[in-house]
Amino acid sequence: MSQPTLYADRAEWSDVVPIEQYESTTPLAPIFYKNEYKDATNYFRGIAKTGEKSQRVLELTEHLIRLNPAHYTAWQYRYETLLAIGSNFEDELRLMDELAITHLKTYQVWHHRRLLMLKICKPARELDFIAKTFKVDAKNYHTWSYRQWILAYFNDNELWSGELDFVEDLLYADIRNNSAWHHRFFTVFQSGVHDGEEDRERVLKRELIYVKQSISLVPNNASAWNYLRGLLEHNSIPYSRVITFIQPYTLSMDEQTADLVDLDNPPPSKGAHLPCALAIEFLADIYEAEGGDSMLNATELWKSLGNEYDVARKKYWEYRIREGLRAIQT
């Protein structure tokens, strides 16, 4: 594979004075950059010093960004150049489509995209693009943050209209996708009331049914249990309201009631790995909140977690037991 021509060897860059990276004569931890990268950054510092904004600066910054997509100064200077020379932002966005897929986990790619969208103001295509990136990585923090920004900033009913179906599709594909669970909570509870969601009691009932059914299918799924906790806390509902649902998940399969049918409190699916440590912890929290004699029940559950069902956090459960017993004594 042929090496690209260095800027130092290009006649069209002969008017630029490259600036070497400053280092002392005996740097403590010198970084051995490749010649191509060192050359590009030397010329970038050169044009930054003179303040040049031009088409060749865009070419240089693109080259530099492809070598180091986290080079935030190159990103910022590129954006300033786009503004200065009146570039077409939609053309830039198409370039970002390629770079975002290649460098999904680089924050600067998504920040630059946000700046472009503030100028373009056409958010609908962004939701489609983000959906494509989720086929590569459905749990990337930067992508989810960008999607939530698009929805919240432009806050258009048409943008929100398909969001719940979208997140359900992702959860159907991977019920343990914590990012998708978080986005569901953001969509339902943290972004205002959207069209068709005005009856909040109906929405709450729907979400309770949804998360309970999800837990029933896969009991040992921390994301679903956290969602249940979150929706109860957000709506100021005590944990004790769901104790009937939780209790079967704290028992072994042998202790389950045969052929139990309860649509409001779906039982664990056949073959589930029980008892579920997450359910035991939830039940212990209920007893702790009740206080009094119930605190002894909580400490017994914490003992079972520390000794058998969640041994990895044994020290933590021992701490909870000590605190619980101290609360009883006072």
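So, how was this worked out
- Residues numbered from 1 in each chain as written.
- Predicted model: local features only at pLDDT ≥ 70, side-chain atom pairs only at ≥ 80, totals over all residues.
- Heavy atoms only, no water.
- Salt bridge = Lys/Arg side-chain N within 4 Å of Asp/Glu carboxyl O.
- Buried < 20%, exposed > 50% of the residue type's maximum accessible area, 1.4 Å probe, protein only.
- Helix = DSSP H or I, 4+ residues; strand = E, 2+ residues; numbered from the N terminus.
- Arc of directions from axis to C-beta.
- Contact = heavy atoms within 4.5 Å.
- Patch = residues over 30% accessible without salt bridge, like charges linked within 9 Å, V, L, I, M, F, W, Y side chains within 5 Å.
- Areas by Shrake-Rupley, 256 points an atom, 1.4 Å probe, with all protein chains shown as cover.
- Lys, Arg positive; Asp, Glu negative; His and termini not counted.
- Charge placed at Lys NZ, Arg CZ, Asp CG, Glu CD.

*Asks:* Can you explain the pattern of salt bridges? Please cite residues and give values.
*Replies:* If you walk through the whole model with that rule in mind, you get 27 salt bridges. With a closest N to O distance of 2.7 Å, Glu52 and Arg56 form a salt bridge. Residue Glu52 shares its accessibility class with Arg56, and that shared class is buried. Glu281 is the salt-bridge partner of Arg313, the closest N and O atoms lying 3.2 Å from each other. Taken as a pair, Arg313 in the loop between α15 (294–309) and α16 (314–329) and Glu281 in helix α14 (residues 277–290) lie far apart in primary sequence, 32 residues in all. Each of Glu168, Arg184, Glu197, Arg202, Arg206 and Glu207 takes part in a single network of salt bridges with overlapping partners.

*Asks:* If you had to explain helix α9 (residues 163–173) to someone new, which residues and values would you point to?
*Replies:* Residues of α9 that are buried: Glu163, Leu164, Phe166, Val167, Leu170 and Leu171. Viewed end-on, α9 has its buried residues packed into an arc of 160°, placing them on one side of the element. Exposed residues on α9 whose side chains face more than 90 degrees from its buried face are Asp165, Asp169, Tyr172 and Ala173. Buried residues in α9 make contact with α6 (124–134), α7 (141–154), α8 (157–161), α10 (178–189) and α11 (200–217).

*Asks:* Account for a negative patch on the surface, naming residues and giving values.
*Replies:* A cluster of acidic residues, Asp195, Glu198, Asp199 and Glu201, forms a negative patch at the surface. By the element assignment, Asp195 lies in the loop between α10 and α11. Take Asp195: its relative accessible area is 55%, and that puts it in the exposed class.

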